[in-house]
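Observations on chain architecture
Listed below, chain by chain, are the residues.
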Amino acid sequence: RPDPSTGEWHPAPFDVSSVDNMRRLVEHSSVPGHIYPLSLLCYEVMPPPQQVEKQIGERRTISFHGVGLSVAPELNFNELTAGCET
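Described in the following lines is the structure provided in the data block. (Residues numbered from 1 in each chain as written. Predicted model: local features only at pLDDT ≥ 70, side-chain atom pairs only at ≥ 80, totals over all residues. Heavy atoms only, no water.)

**Looking at the overall build of the protein chain**
Along its length, the protein chain carries two helices and two strands. The N-to-C order of helical and strand elements in the protein chain reads α-β-β-α. Residues classed as buried in the protein chain amount to 3% of the 86 residues present. Considering only intrachain contacts with a sequence separation of at least 6, the fraction spanning at least 24 residues in the protein chain is 55%. Of the roughly 8000 Å² that the protein chain leaves accessible, carbon and sulfur atoms contribute 59%. (Helix = DSSP H or I, 4+ residues; strand = E, 2+ residues; numbered from the N terminus. Buried < 20%, exposed > 50% of the residue type's maximum accessible area, 1.4 Å probe, protein only. Contact = heavy atoms within 4.5 Å. Areas by Shrake-Rupley, 256 points an atom, 1.4 Å probe, with all protein chains shown as cover.)

**Quick notes on the side chain of R23**
Here R23 shows up in helix α1 (residues 16-27). Each residue touching R23, except ones within four places of it in the same chain, is listed here: I35 and F77.

**Re the packing of aromatic side chains**
Applying the stated criterion to the full structure yields zero aromatic pairs. A cation over an aromatic ring shows up here: R23 above the ring of F77, its NZ or CZ 4.5 Å from the ring centre. (Phe/Tyr/Trp six-rings, centres within 6.5 Å; stacked < 30°, edge-to-face > 60°. Lys NZ or Arg CZ within 6 Å of the ring centre and 35° of its normal.)

**Here we look at the pattern of salt bridges**
Two side chains with opposite charge may pair up if their charged atoms get near one another. By the definition in use, this model includes three salt bridges. For D20, the salt bridge is made with R23, and the minimal N-O distance between the two is 2.6 Å. Of the two residues, D20 and R23 both sit in helix α1, three residues apart, roughly one turn of that helix. Between R23 and E27 there is a salt bridge; the shortest N-O distance is 2.9 Å. Residue R23 and its partner E27 are located together in helix α1, separated by four residues, close to a single helical turn. Exposure remark for R23: the relative accessible area of 17% places this residue in the buried category. Through salt bridges with shared partners, one network takes in D20, R23, R24 and E27. (Salt bridge = Lys/Arg side-chain N within 4 Å of Asp/Glu carboxyl O.)

Encoded structure:
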């Protein structure tokens, strides 16, 4: 979401618990799993409300516009944490 005071875009805060939950799901799965960082820009198609709302039925306006998608290389938890002691 854009900053309400400046209108500039900024990433959402990093949510460690979400990433850790995905790692746990992959590790405990009966089939191999893969984790890829993904970024999607679709603000012009269906902009979110100015504030985060948890109510059902919030009004959304839909339009036609291009989107941006970026996928980074796969994350391997064991390789990323090899140098960490805890």
